Structures are given as C-alpha cells and as structure tokens.
Amino acid sequence: MCEKGTVKPTGNFNTSADAEVLHKAMKGLGTDEDAILQLLTARSNTQRQEIKNTYKTLFGKDLINDLKGELGGKFESLIVALMTPPLAYDVTSLRDAIKGAGTDEKVLIEILASRTAHQVKEIVAAYRKEYDDNLEEDICGDTSGHFKRLLVILLQALFKAGEEKYGTDEQSFVTILGNRSAEHLRKVFDAYMKMSGFEIEESIQRETSGNLRALLLAVVKCARSIPAYFAESLYYAMKGAGTDDATLIRVMVTRSEVDMLDIRKEFRRLFACSLHSMIKGDTGGDYRKALLLLCGGDDA
C-alpha cells in the first residue's frame, strides 16, 4: 500500500453492506453496472477480497462468477482483474502469456522487468503452488537465445553487483542488466554515457532487435523510472488505431494502489496530454468510467 496510489482502502468499511450493494446490483432484471464500478474502484484489493468472502457467506455464491455472468467484454475483464489478488493476477498473467497460443512476450517483459526481486521470488513460488510447474522451465521452453537468458536472470532475482567488462555484445548487455540493482544500473548508465558518448538506450536500439531489444529497454527504463516506463506503456497501448486493452487493463489495475499518481505525472511530462484525457478519448461506456476512476483525476 502506497500513498502514490489513486485507489486507497475506504475508511468506514462495512463488508456486509458492500456485499449487499453488489448483490442488489445484480439481482432481478438488468444489472446496475454503475453501482458495481463505483463501489469496486473505491475499495483496496484487500477490501475487495473481504467483500468476496462475505458475499459467499451471505449468498452462498461466488462473487466473481456472478460478476462474470452479469457483465461482458472489456468491462468484465477489468472488473475481474480488480477482484483478483495482485500476486495471483501476476501469476495468471504469466501463465496465460506462456500457455496461450503463441507466447505473449509483452507480458513476460512487463512483469519481469518491473517487479522487485522480492516480488519475483513470490511470483515463482506462487506459480509453482498454483500450477505445480517451474516458471523458469516454462519460460525456457517457450523462449530462446539472449532473450531467454535475460528473462531467466531476472527470474532468479540475482540482483547482485559484480565487475563485468562493458561492451556492446549482447552477452554483456544481458549480464550487466540482469544482475544489478536499479541504483547500481543508473551508475552504470552514467558511466556508459561518459565512456561512449551515447545513452545506453541508443546502443541497445542499434545493437539488438526484436524481443531482446524490448526486454533490454524495459529493464533500462524500469531502472531509470518505473512510473515513466508504465506511462509509456499506457500511451502506446492507446496511441494510433485500435487500443491494446489487455495492456491498458493490466497496467491500470496493477498500478492503481502502487504508483498511479507518479505515472500520471510522468505521462503529462512525456506526452502532450493527460492520462485522463487519453483514456477518455480512447474508451467508452462503463469500461471508460471505471478506468477514469482508477486514474483518479485529470492533470490537463
């Protein structure tokens, strides 16, 4: 829980009253989507889990199943994401990214580059518990080359300092970026700039391509500023024709209690508009309403 989040626990929390509101919103003809989204975006994830438990006790039904039965499309995906505990959400996202048709490298890159070493360890343990599978082996079976090596290094969370030669061969990039703390990396980037006259991002762009380039850039961006990394992800999810709703939902949900205020600030700094205005222009209906509540305000 962080003061940089836009979603905070509600003060006078009454789990039974909340469960009643949700039950009423879904009972009878028609669904009161507005009541559902207003309530769930105004509770922390921990509180949503309590509501889910109380709902089961009071009505003998699974709240997520009921919500799925009443809602549809992107709005349903967003609400279900809000109802999932953060660790479980990361684990499911990774599993779907690996086991779906084709690997969704974007999800692997985002989660493994932006989570802390401690979070990665928790993810690995929870993945094993949930699927009785080794996340590292699953990723190895599904990816290849230097991209695979760096993912595995990030997974093992071996953020320890050590002396490595600088160079532009992929091997060095992989080793340097995979094995160091963000603070150490920032010093490396400064030294690299002094030595080569280039920002490390420029060299990565020049020397690498494809998924490896995307992963290396994500690691560098996250070392520099995680909020700026997510601001960029959100911008490119909405820019141009069509919206990458999966990324939009994932980032808005996973960062709403962490650093959404910082992401909004970075978004405004990097792009010529506010996150709020871009969401407003790019989405519609209840889906838009809920996303704007998670965004928590306009920085126009």
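Calculation criteria
Residues numbered from 1 in each chain as written. Predicted model: local features only at pLDDT ≥ 70, side-chain atom pairs only at ≥ 80, totals over all residues. Heavy atoms only, no water. Helix = DSSP H or I, 4+ residues; strand = E, 2+ residues; numbered from the N terminus. Rg over C-alpha atoms; globule rule 2.2 N^0.38 Å. Buried < 20%, exposed > 50% of the residue type's maximum accessible area, 1.4 Å probe, protein only. Contact = heavy atoms within 4.5 Å. Areas by Shrake-Rupley, 256 points an atom, 1.4 Å probe, with all protein chains shown as cover. Core = buried A, V, L, I, M, F, W, Y, C linked by side-chain atoms within 4.5 Å. Phe/Tyr/Trp six-rings, centres within 6.5 Å; stacked < 30°, edge-to-face > 60°. Lys NZ or Arg CZ within 6 Å of the ring centre and 35° of its normal. Axes fitted to C-alpha atoms, helices over the stretch in contact; angles between N-to-C directions. Left-handed = near helix turned anticlockwise from the far one by under 90°. Nonpolar A, V, L, I, M, F, W, Y, C, P; charged D, E, K, R; others polar. Domains from an automatic or database assignment. Buried area = accessible area lost by both parts, 1.4 Å probe. Salt bridge = Lys/Arg side-chain N within 4 Å of Asp/Glu carboxyl O. Polar contact = N/O pair within 3.5 Å; in protein donor to acceptor, adjacent residues only side chain to side chain. Disulfide = S-S within 2.5 Å. Arc of directions from axis to C-beta. Parallel < 35°, antiparallel > 145°, perpendicular 65-115°, else oblique.

Focus: the overall build of the chain
Part 1: Looking only at helices and strands, the chain has 19 helices and zero strands in total.
Part 2: Here the C-alpha radius of gyration of the chain, 21 Å, is about what a compact globule of 300 residues would show, namely 19 Å.
Part 3: Structurally, the chain occupies a C-alpha span of about 65 × 45 × 35 Å along its principal axes.
Part 4: Across the 300 residues in the chain, those meeting the buried criterion constitute 47%.
Part 5: In the chain, 66% of the contacts between residues at least 6 apart in sequence involve partners at least 24 apart.
Part 6: With the model as given, the accessible surface of the chain reaches about 14,000 Å², and the carbon-plus-sulfur share is 50%.

Quick look at the nonpolar core
As a rule of thumb, nonpolar side chains are buried together in soluble globular proteins.
Part 1: Ranked by size, the top nonpolar core spans 87 residues in total, and within it Leu 22, Leu 67, Leu 234, Met 252 and Leu 275 carry the most contacts.
Part 2: When residues of this core are assigned to their parent elements, the largest contribution, nine residues, is made by helix α14 (residues 210–224).
Part 3: Not counting residues up to four positions away in its chain, the partners in contact with Leu 67 are Met 26, Ile 36, Leu 40, Ile 79 and Met 83.

Digging into the packing of aromatic side chains
Remark: the centre distance and the inter-plane angle together describe each pair of aromatic rings, the angle taken between the planes.
Part 1: With the rule as written, the count across this model stands at eight aromatic pairs.
Part 2: With 5.1 Å between their ring centres and 85° between their planes, Tyr 235 and Tyr 236 make a pair best called edge-to-face.
Part 3: Among the aromatic residues, those joined into a ring-pair cluster are Tyr 235, Tyr 236, Phe 267 and Phe 271.
Part 4: The aromatic ring of Phe 198 is capped on one face by Arg 206, whose charged end is 4.3 Å from the ring centroid.

Quick look at the packing of helix α7 (residues 105–114) against helix α10 (residues 145–155)
Part 1: Viewed as axis vectors pointing N to C, α7 and α10 meet at an angle of 35°, and their least axial separation amounts to 10 Å. The way α7 lies across α10 gives a crossing that is left-handed. Between α7, through Glu 105, Leu 108, Ile 109 and Leu 112, and α10, the contact on the second element is made entirely by Phe 147, Leu 151, Leu 154 and Leu 155.
Part 2: Among the residues forming the contact of α7 with α10, the class breakdown is seven nonpolar, no polar and one charged.

A few points about the environment of Lys 4
Part 1: Along the chain, the position of Lys 4 falls in the segment before α1 (15–26).
Part 2: Excluding residues that lie within four positions of it along the chain, Lys 4 makes contacts with Val 258, Asp 259, Met 260, Leu 261 and Asp 262.

A closer look at the domain arrangement of the chain
Size of an interface, as often reported, equals the accessible area lost when the parts are brought together.
Part 1: Annotation of the chain at the domain level lists domain 1 (1–71), domain 2 (101–224) and domain 3 (226–299).
Part 2: For domain 2 versus domain 3, the separation of C-alpha centres amounts to 24 Å.
Part 3: At the junction of the two partners, domain 2 supplies ten residues and domain 3 supplies ten residues.
Part 4: Across the domain 2 to domain 3 interface the summed buried area is about 910 Å²; carbon plus sulfur atoms make up 51%.
Part 5: The largest contributions to the domain 2 side of the interface with domain 3 come from Glu 110, Lys 221 and Cys 222, which together make up 52% of the buried area.
Part 6: Our enumeration of links across domain 2 and domain 3 arrives at three salt bridges.
Part 7: Its salt-bridge partner being Lys 221, residue Glu 232 comes within 2.7 Å of it at the nearest N-O pair.
Part 8: The interface formed by domain 2 and domain 3 contains three residue pairs in polar contact (both at pLDDT 80 or more).
Part 9: Among the elements that make up the side of domain 2 that touches domain 3, the one with the highest residue count is α7 (five residues).
Part 10: Grouping the amino acids of the side of domain 2 that touches domain 3 by side-chain chemistry returns four nonpolar, one polar and five charged.

Section: the state of the cysteines
Part 1: A complete count under the given rule lists zero disulfides for this structure.
Part 2: In this structure Cys 295 is a free cysteine whose sulfur lies 11 Å from that of Cys 273, the closest cysteine sulfur available.
Part 3: Classification of Cys 295 by relative accessible area gives buried; the value is 0%.

Points about the environment of Ser 233
Part 1: Inspection of the secondary structure puts Ser 233 in helix α15 (residues 226–238).
Part 2: Judged by relative accessible area, which is 17%, Ser 233 ranks as buried.
Part 3: Taking the C-alpha atoms as reference points, Ser 233 and Cys 140, separated by 93 residues in sequence, lie 25 Å from one another.

Examining helix α9 (residues 135–142)
Residues separated by three or four positions in an α-helix point in the same direction, a consequence of the helix having 3.6 residues per turn.
Part 1: Of all the residues in α9, the buried ones are Leu 135, Asp 138 and Ile 139. Looking straight down α9, one finds that the buried residues subtend no more than 95° of arc, so they occupy a single side. More than 90 degrees from the buried face of α9, the exposed residues found are Glu 137 and Gly 141.
Part 2: Among the structural elements, α6 (86–99), α7, α8 (117–131) and α10 are those in contact with the buried residues of α9.

A look at the packing of α6 against α8
Helix-helix packing: each pair is described by the crossing angle between the helix axes and the interaxial distance.
Part 1: Put simply, α6 and α8 touch, their axes get as near as 9 Å, and they point 70° apart. With respect to their mutual orientation, α6 and α8 come out roughly perpendicular. For the pair α6 and α8, the crossing hand works out as right-handed. On α8, the residues that touch Leu 87, Asp 90, Val 91, Thr 92, Leu 94, Arg 95 and Ile 98 of α6 are Glu 122, Ile 123, Ala 126, Tyr 127 and Tyr 131.
Part 2: Classifying every residue of the contact of α6 with α8 gives eight nonpolar, one polar and three charged.

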